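# Coordinates in review
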Amino acid sequence: LRAKVFDVKINIVGLEEISFKDNKFKGYHVIFDFGAEKHDAYYEEKSPHRLLYYTNGRNSIALKL
C-alpha cells in the first residue's frame, strides 16, 4: 500500500464557544483546508489540548464534553 500525501493549510482561528446537542464548551478552533474541502476541529483550552469536537461537513464527532 502507498500512503497518499495531501497538501493542507492550517488556520488557527482562536478560542471559540461551540454548541453540540445540548452542550456548550470552549475550545481552540482549527480549520484544516485541503482545497476541495475543509475540516473543523476544536481542542481543549488547557494542556494537554485534547481534541473535543471534529467535523468534516458530512460527519461529526464529539470526543469530550
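Quick summary incoming for the structure in this document. Everything quoted here is computed from the prediction, not taken from an experiment. (Residues numbered from 1 in each chain as written. Predicted model: local features only at pLDDT ≥ 70, side-chain atom pairs only at ≥ 80, totals over all residues. Heavy atoms only, no water.)

Here we take up the pattern of salt bridges. Overall, the coordinates contain two salt bridges when judged by the stated rule. In this structure, Arg58 and Glu37 form a salt bridge, with 3.2 Å as the shortest nitrogen-oxygen distance. In this pair, Arg58 is assigned in the loop between strand S4 (51–55) and strand S5 (60–62) and Glu37 in the loop between strand S2 (23–33) and strand S3 (38–43), connecting sequence segments 21 residues apart. (Salt bridge = Lys/Arg side-chain N within 4 Å of Asp/Glu carboxyl O. Helix = DSSP H or I, 4+ residues; strand = E, 2+ residues; numbered from the N terminus.)

In this section: the packing of aromatic side chains. Tallied over the full model, the rule gives two aromatic pairs. Relative to Phe34, the ring of Phe6 lies with its centre 6.4 Å away and its plane at 85°, an arrangement referred to as edge-to-face. Here Phe6, found in the segment before strand S1 (9–20), pairs with Phe34, found in the loop between S2 and S3; they are 28 residues apart in sequence, far enough to count as distant. Considering the side-chain rings of Tyr42 and Tyr53, the 6.0 Å spacing of their centres and the 45° angle between planes classify their relative orientation as tilted. (Phe/Tyr/Trp six-rings, centres within 6.5 Å; stacked < 30°, edge-to-face > 60°.)

That's the geometry; what it means functionally is another story.
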